[in-house]
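The residues making up each chain are set out below.
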Amino acid sequence: MKLAIVMGSISDKEIAYKVIEILEKFEVKYEVKVISAHRSPELAADFAKCAEKQGIEAIIAIAGKAAHLAGVIAAMTPLPVIGLPVKSSTMDGLDSLLSVVQMPKGVPVATVAINGGENAGLLAVQILSVKYPELREKLKDYKKKMTEDVIKMNKELNEILKK
Ligand code: RP5
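An account of the accompanying structure is given in this report. Computed from a prediction, not measured in an experiment: that's the story for all the values here.

1. Concerning the site of the ligand
Okay, step 1: Surveying the vicinity of the ligand reveals the residues Gly8, Ser9, Ser11, Asp12, Arg39, Ala63 and Gly64.
Okay, step 2: Between an oxygen atom of the ligand and a side-chain N or O atom of Ser11, the distance comes to 2.7 Å.
Okay, step 3: Separating an oxygen atom of the ligand from a side-chain N or O atom of Asp12 is a distance of 2.6 Å.
Okay, step 4: Most atoms of the ligand, that is more than half of them, are within 2 Å of grid points of the largest pocket.
Okay, step 5: Looking at the shell around the ligand, its residues break down into one nonpolar, four polar and two charged.

Encoded structure:
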């Protein structure tokens, strides 16, 4: 099983780390690289066209501002593409979000929240889990742990309210 993480600029790396943390938790292999749809369009096309042959099963594309990376890649591969919009220095990332989510019909990009690296990673794991049952089991454990954390929060809250 293998995923690819691509980001429009090295300045997106902090968001990429959030994705990587999730993939490592689930022991999913990945490759990660900078590819800009605007500054290196040939690299973007080569990557998208070769991804399937390279054994990549889903792609997470991270980009900000006029964020075309996910859409451009999705246009050139049959693989599922998750778009991760980055909060840019202007417009609070709304520009990135709309650029990623508002794909014209025929070329979907599964879009997560602005800076939502964790959910991009989790969604990628969920996509892979259709093929790999061991990931499905790990996802069940992950959800169980979240519930346990909420129960802990309630205990903590009750302690605070008692004081
Ligand atoms: C996009 O432009 C990148 O994804 C990044 O989020 C944004 C700004 O890039 P830099 O100017 O920091 O390289 O292509």
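2. A short note on the pattern of salt bridges
Okay, step 1: According to the stated counting rule, one finds nine salt bridges in the structure shown.
Okay, step 2: Between Glu31 and Lys2 there is a salt bridge whose closest N-O contact spans 3.6 Å. Taken as a pair, Glu31 in strand β2 (residues 29-34) and Lys2 in strand β1 (residues 2-7) lie far apart in primary sequence, 29 residues in all.
Okay, step 3: As a salt-bridge pair, Lys87 and Asp92 come within 3.9 Å of each other at their nearest N and O atoms.
Okay, step 4: The network of salt bridges with common partners includes Lys2, Glu31 and Lys33.

3. Some points on helix α4 (residues 94-101)
Okay, step 1: Residues of α4 that are buried include every one of Asp95, Ser96 and Val100, and no others. Mapping the buried residues of α4 onto a view down its axis gives an arc of 120°, with all of them on the same face.
Okay, step 2: Buried-residue contacts for α4 involve β3 (58-64), α3 (69-75), β4 (81-86) and β5 (110-111).

The rules we used
- Residue positions are given per chain, counting from 1 as you read along its sequence in written order.
- This being a predicted model, a pLDDT of at least 70 is required before a residue's local features are given, and a value of 80 or more before pairs of side-chain atoms are given or counted; all residues contribute to the totals for chains, interfaces and linings.
- Working from all heavy atoms in the structure, the side-chain values ignore hydrogens and water.
- If even one non-hydrogen atom of a residue comes within 4 Å of a molecule or strand, that residue is called near it.
- Polar contacts, as counted here, are pairs of nitrogen or oxygen atoms within 3.5 Å of one another; within protein the pair requires one atom able to donate a hydrogen and one able to accept it, and residues that are adjacent in sequence qualify only if both atoms are side-chain atoms.
- Residues are said to line a cavity or pocket when one of their atoms sits within 4 Å of a point; the points come from a 1 Å grid over protein atoms alone, cavities being sets where a 1.4 Å probe fits but cannot get out and pockets being open sets with protein on both sides within 12 Å along at least five of seven lines.
- Here the criterion for a molecule occupying a pocket or cavity is that more than half of its atoms lie within 2 Å of the pocket grid points.
- Under the grouping applied here, Gly and all other residues not named as nonpolar or charged are polar, the nonpolar ones being Ala, Val, Leu, Ile, Met, Phe, Trp, Tyr, Cys and Pro and the charged ones Asp, Glu, Lys and Arg.
- In the sections that follow, a salt bridge refers to a side-chain nitrogen of Lys or Arg positioned within 4 Å of a carboxyl oxygen of Asp or Glu.
- Numbering goes from the N terminus for both helices and strands, where a helix is a DSSP run of H or I of at least four residues and a strand is a run of E of at least two.
- Three labels apply to residues, based on accessible area from a 1.4 Å probe with only protein chains included: buried if under 20% of the type maximum, exposed if over 50%, partly exposed otherwise in between.
- Here the arc refers to the directions that run from the helix axis out to each C-beta atom.
- The criterion used for residue contact is that any of the two residues' heavy atoms lie within 4.5 Å.

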